[in-house]
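Structural overview for review
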Amino acid sequence: ELGAFLGQGSHETTGGWATAPGGPQAWGYCFKEEVGCGAGTCTGYCQAGNPCAGFDCACVAGQTYHGRGPMQLSWNYNYGFFSESVLGDASVLLRNPSLLTRNATLSFMTG
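Residues numbered from 1 in each chain as written. Predicted model: local features only at pLDDT ≥ 70, side-chain atom pairs only at ≥ 80, totals over all residues. Heavy atoms only, no water.

1. Focus on the packing of aromatic side chains
Geometrically, a pair of aromatic rings is defined through the distance of the ring centres and the angle of the planes. The line we're drawing: Pairing of aromatic rings covers Phe, Tyr and the six-membered ring of Trp, with a centre-to-centre limit of 6.5 Å; geometry is then stacked below 30 degrees between planes, edge-to-face above 60, and tilted otherwise. Helix numbers and strand numbers start at the N terminus; a helix is a DSSP run of H or I with at least 4 residues, a strand a run of E with at least 2. When a residue's accessible area, from a 1.4 Å probe over protein chains only, is under 20% of the maximum for its type it is buried; when over 50% it is exposed; and in between it is partly exposed.
Using the criterion set out here, one finds three aromatic pairs in the structure. Centre to centre, the rings of tyrosine 45 and tryptophan 75 are 5.5 Å apart; their planes meet at 80°, and the pair counts as edge-to-face. One end of the pair, tyrosine 45, is in the loop between α1 (2-13) and α2 (76-87); the other, tryptophan 75, is in the loop between α1 and α2, with 30 residues separating them in the sequence. For tryptophan 75, a relative accessible area of 29% puts it in the partly exposed group. Between tryptophan 75 and tyrosine 77 the ring centres are 5.8 Å apart and the planes differ by 15°, which places this aromatic pair in the stacked class. The class for tyrosine 77 is partly exposed, based on a relative accessible area of 27%.

Put into structure tokens, the structure is as follows:
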């Protein structure tokens, strides 16, 4: 299981390229969030309304829910569910999804 976790994390965060020394996967764990989304340009990861049952996980204006962390947590309903399950409050990560790029412990818990 550890090998699978590290392999998936390396794949999701790789900075490698096809001709990279050591191969494309030799450069894993380079990025904390989906490449090209850090400036808030990836707005497609928001399912409209409240797709969660039992708690509110509607998108918060001005926030994006692109892939963050070694397992690339994506979409508002996944941020809400993870935040509700781990932090006891879905709104924590829905209001501040970039917390996953600043808190390594929390980020690795997404895996």
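Now, onward.
2. So, a nonpolar patch on the surface
Stated precisely, the cut-off is as follows: A residue counts toward a patch only above 30% relative accessible area and without a salt bridge, and it is joined to like-charged neighbours within 9 Å or, for Val, Leu, Ile, Met, Phe, Trp and Tyr, to nonpolar neighbours within 5 Å. Only the protein chains shown count as cover for residues, and the accessible areas themselves come from Shrake-Rupley with a 1.4 Å probe. Criterion for a salt bridge: a side-chain nitrogen of Lys or Arg within 4 Å of a carboxyl oxygen of Asp or Glu.
On the surface, Leu2, Leu6, Tyr29 and Phe108 cluster together into a nonpolar patch covering about 400 Å² of accessible area. Take tyrosine 29: it is sitting in the loop between α1 and α2.

Honestly, it's all geometry; don't read function into it.
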